[in-house]
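Reading the structure
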Amino acid sequence: MTLRLKSILAGAACAGFLILPTLSGLGQVQASNFSGAPQAPPAPPAPPAPPAPPAPGSWTHWPTRSYDAHNLRMEDIVGTLIVNVRDGGPMTVEAWGARERLSGLNVSLHDGRLDVEGSEFNENESVWDWRHWLDFSHVTEPSAHNLTVRVTVPRGTDVAIESLVGDADIGDTQGALRLEAAETKARIGKVASANIEIGGSGRVDIAAVAGTLRLDVGGSGKIATGPIGNLRADLAGSGDAEFGPINGGLDLDIAGAADVTAARVNGPTKVTIAGSGSVRIAEGTADPLHVEIMGSGNFVFGGMAVDPHVEAFGSGNVRIKSYRGKLDTEGMADVKIGE
């Protein structure tokens, strides 16, 4: 993923390396109070001061502005995004929040595409600032964002959101959607297709995807969808996913402990599990079915598998309700049919 989260983690590793020799000295006890007199316990640290209220005039509001555009691109937003949908008309943009956040917001038109760009993290928000080593609250804490951007688009608009840190509420655009976020809680309506990349924690709910959903989740992100056309998903870490009926094929790759469920599949089905992840598909036709398990992962399919091929190395289990054609197994696969 091309997320700022990668640079944050790299900075943390460097910071930890640099301060390790200093931390090792903290375990040494220094001699004190040689007179033998009882020593009073140290006073507890003073509680942190509450954040100061915004200074007068530090909050401001952009009035609604209209643009003749057909596609929308939003990038480097730290805050909350709202994408409303209407039938026809120009795009409109409205924003409110802290004055310094709004001053870094830029809106421009490029060949029919509306670009809304936030400011880069300033030097006081950098992980390389020694005052914030191993402390990312200044980057992810909602109170530091103080920015909301609301865009209204005509139905059918393609929307691309890149490098988001914050929440998103996206209506029934019925166009192509791309969402790339480091940390988010996102609600998405009905779209034509979707490409979702989540680099850390959060949750994404999608009402429906008419075409293909491409999903890339790292960390502990959680995904829930309604009906989708085809699914191509890579899940790394402990994130969970709950899919509605998949009207076409499924290509799923799990690395870690993700727990995945789907209501139905109806097409080519390939599932790869490395680790302790589990996959449960309630019904449908997997034509053909290919399952690979390395570790203790489990696969359960309550439908019809065509020419199932199963490879397993470890303690994983495979359960298939029924199949037709040829069953092919390799390795230590524990395959049970009709149970």
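To keep things clear, this report deals only with the structure shown in the data block. Treat the numbers as computed from the prediction; the structure is a model and nothing was measured.

1. Overview of the overall build of the protein
From N to C terminus, the protein includes three helices and 22 strands. Expressed as a percentage of the 339 residues in the protein, the buried residues total 41%. Accessible surface, the protein: about 16,900 Å² in total, of which carbon and sulfur atoms supply 55%.

2. Thoughts on the pattern of salt bridges
Two side chains that carry opposite charge are able to pair once their charged atoms sit near each other. With the rule as written, the count across this model stands at 14 salt bridges. Between D87 and R155 there is a salt bridge; the shortest N-O distance is 2.8 Å. Of this pair, D87 sits in the loop between β3 (78-86) and β4 (91-98) while R155 sits in the loop between β7 (147-154) and β8 (158-170), placing them 68 residues apart in sequence. Overall, the relative accessible area of 65% leaves D87 in the exposed class. Residue R155 is classed as partly exposed on the basis of its relative accessible area of 35%. R187 is the partner of D169 in a salt bridge, and the nearest nitrogen-oxygen pair spans 2.6 Å. Separated by 18 residues along the polypeptide, D169 in strand β8 and R187 in strand β9 (residues 176-191) bring together distant segments of the chain. The class of D169 is partly exposed, set by a relative accessible area of 29%.

3. Looking at the pairing of strand β6 (residues 113-117)
As paired elements, strand β2 (residues 71-75) and β6 share five bridges and run parallel to each other. Within the sheet, the bridge partner assigned to M74 lies in β6 and is V116. Bridge count between strand β5 (residues 106-110) and β6: five bridges; the pairing is antiparallel. Each bridged residue has a counterpart across the sheet, and for N106 the counterpart in β6 is E117. If you look at the hairpin formed by β5 and β6, you'll find two residues sitting between the two strands, and D111 has a positive phi there, around 50°.

4. Description of the nonpolar core
V149, I196, F243 and F299 are the most contacted members of the largest nonpolar core, which has 70 residues in total. Other than its neighbours up to four places away in sequence, F243 contacts L213, L215, I223, T225, I228, L231, V260, T261, A262 and A263.

5. So, the environment of A233
Position of A233 relative to the elements: it lies in strand β13 (residues 228-237). For A233, a relative accessible area of 0% translates into the label buried. Sequence separation between A233 and E197 is 36 residues, and the spatial gap between their C-alpha atoms is 10.0 Å. With residues near it in sequence (within four places) discarded, A233 still touches L215, D251, L252 and D253.

6. With respect to the environment of R99
For R99, the location among the structural elements is in helix α2 (residues 99-103). For R99, a relative accessible area of 43% gives the class partly exposed. Separated by 38 residues in sequence, R99 and H61 have C-alpha atoms that sit 8.3 Å apart.

7. Considerations on a nonpolar patch on the surface
A cluster of nonpolar residues, M294, F313 and M332, forms a patch on the protein surface that exposes about 320 Å² of accessible area. Relative to the helices and strands, F313 is located in strand β19 (residues 309-314).

8. Observations regarding the packing of aromatic side chains
Scanning the model with the defined rule gives one aromatic pair in all. Aromatic pair F299 and F301: ring centres 6.5 Å apart, planes at 35°, arrangement tilted. Both residues of the pair, F299 and F301, count as buried. Its guanidinium or amino end placed over the ring of W62, R65 lies 4.0 Å from that ring's centre, counting from NZ or CZ.

9. Some thoughts on the pairing of β3
As paired elements, β3 and β8 share six bridges and run parallel to each other. Counterpart to G79 in the pairing with β8 is G166. Here seven bridges tie β3 to β7, and the two strands are oriented parallel to one another. Bridge pairing links I82 to R150 in β7.

Quick notes on the rules
- Residues numbered from 1 in each chain as written.
- Predicted model: local features only at pLDDT ≥ 70, side-chain atom pairs only at ≥ 80, totals over all residues.
- Heavy atoms only, no water.
- Helix = DSSP H or I, 4+ residues; strand = E, 2+ residues; numbered from the N terminus.
- Buried < 20%, exposed > 50% of the residue type's maximum accessible area, 1.4 Å probe, protein only.
- Areas by Shrake-Rupley, 256 points an atom, 1.4 Å probe, with all protein chains shown as cover.
- Salt bridge = Lys/Arg side-chain N within 4 Å of Asp/Glu carboxyl O.
- Pairing = 2+ DSSP bridges.
- Core = buried A, V, L, I, M, F, W, Y, C linked by side-chain atoms within 4.5 Å.
- Contact = heavy atoms within 4.5 Å.
- Patch = residues over 30% accessible without salt bridge, like charges linked within 9 Å, V, L, I, M, F, W, Y side chains within 5 Å.
- Phe/Tyr/Trp six-rings, centres within 6.5 Å; stacked < 30°, edge-to-face > 60°.
- Lys NZ or Arg CZ within 6 Å of the ring centre and 35° of its normal.

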